[in-house]
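Each chain is listed here by its residues.
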Amino acid sequence: MTASYLVGLIGSGIQTSLTPALHEGEADALGLRYLYRLIDIDRLGKTATDAAELVRAARDVGYDALNITHPCKQTVFDALDELSPDAELLGAVNTVLFRDGRTIGLNTDHSGFASGLRDGLTAPVVDRVVLLGSGGAGSAIAYALLNAGTTRLSVYDPVIERADAVCRALGPAFPGAQVVAITPDELAAAIAAADGLVNATPIGMTGHPGMPIPATLLHSRLWVADAVYRPLRTELIETADALGCAVLDGGRMAVGQAADAFRLITGAEPDPVRMRAHFLQLTGALSAASR
């Protein structure tokens, strides 16, 4: 009998999410029965504080797993029996498994960025990196960079207390690295000395146009990554590419975290290349390139 899976996504404003199509498409390719449903708190008249209740309800009605997105990655903790060490360190969960009567919280955002960095750039130097933004995506990317060998990570956030919190949380776990929050006055010098730059802010996404830093701060020795994938070619990516920087679009992280979550949920090995191609089809990039 073919294995079957019932999976859901809990979050706000998720009606245009590509995650269901990515998961179901990969399941089809692997011959698995896989049904992925959206649990949109806005449509349900719920708030992030109701996320734990929704996790329990999904468990009770027979879901096999859930993905969790903004703004619920921290508010599901009350429904969990167990946390993976990385999710506990990051204080955020994006995948929930129901196994043998236990509810387990995990995080594939950091591993998704790590796989995108590995697959999307050729041997990037990661010694000195500037990270813009310290929210859920930012903290996961910070963890991925430190795991990848970054020895000086400069975290910039307009609210420096948020950047400080990420540095205090991750710094002790990586005693060989400098993890520092930087001020606006320190940003230009940090980028000038950096090997890489990552945008983990909403700036550049549809509805939030523009660049998170002045274009004059970019230089061709940088590789530049963006966590934003709508649009896939943000103004930051386009500008950096034109300057000769190696660039990494936000679709890499999106596909990487989806592939890792799919593997955790099913135990089957997804094909990241196939998932990337499907993602590009869904975003229209392949059809646009073929014109």
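Residues numbered from 1 in each chain as written. Predicted model: local features only at pLDDT ≥ 70, side-chain atom pairs only at ≥ 80, totals over all residues. Heavy atoms only, no water.

Visitor: Would you take a moment to explain the overall build of the chain for this structure?
Guide: When helices and strands are tallied, the chain shows 12 helices and 12 strands. The C-alpha radius of gyration of the chain comes to 19 Å, within 12% of the 19 Å expected for a compact globule of 291 residues. For the chain, the C-alpha atoms occupy an extent of roughly 55 × 50 × 35 Å along the three principal directions. Considering the chain as a whole, with its 291 residues, one finds that 49% of them fall into the buried category. Considering only contacts in the chain between residues 6 or more positions apart, those separated by 24 or more positions represent 67%. Counting only carbon and sulfur atoms, one obtains 53% of the accessible surface of the chain, whose full area is about 12900 Å². Averaged over its 22 positive side-chain charges, the chain has a centre that lies 3 Å from the centre of its 32 negative ones. (Helix = DSSP H or I, 4+ residues; strand = E, 2+ residues; numbered from the N terminus. Rg over C-alpha atoms; globule rule 2.2 N^0.38 Å. Buried < 20%, exposed > 50% of the residue type's maximum accessible area, 1.4 Å probe, protein only. Contact = heavy atoms within 4.5 Å. Areas by Shrake-Rupley, 256 points an atom, 1.4 Å probe, with all protein chains shown as cover. Lys, Arg positive; Asp, Glu negative; His and termini not counted. Charge placed at Lys NZ, Arg CZ, Asp CG, Glu CD.)

Visitor: Would you mind showing me how to read the sheet that holds strand S9 (residues 178–182) here?
Guide: Paired through their backbone hydrogen bonds, the strands of a sheet run either parallel or antiparallel. Pairing is parallel across the open sheet formed by six strands, whose spatial order is S9-S8-S7-S10-S11-S12. Here the strands that pair on one side only, and so sit at the sheet edges, are S9 and strand S12 (246–248). Looking at each pair of strands side by side, their axes are set apart by 15° on average, direction ignored. Bridging between strand S7 (residues 128–132) and strand S8 (residues 152–156) involves five bridges; their strand directions are parallel. Paired with Val 130 across the bridge in S8 is Ser 154. Running over the sheet, helix H8 (residues 184–192) touches S7, S8, S9 and strand S10 (196–199) and is turned about 130° from S9. (Pairing = 2+ DSSP bridges. Axes fitted to C-alpha atoms, helices over the stretch in contact; angles between N-to-C directions.)

Visitor: Would you take a moment to explain helix H10 (residues 251–266) for this structure?
Guide: Every α-helix winds through 3.6 residues per turn, so residues three or four apart in the chain are directed the same way. Taking 1.5 Å as the rise per residue, H10 with 16 residues should run 22 Å; its terminal C-alpha atoms sit 22 Å apart, in good agreement. The buried fraction of H10 amounts to 13 of the 16 residues, a majority that puts the element mostly inside the structure. Just past H10, the residue Gly 267 takes up positive phi, approximately 80°. (Expected span 1.5 Å × (residues − 1).)

These values are about where atoms sit, not about what they do.
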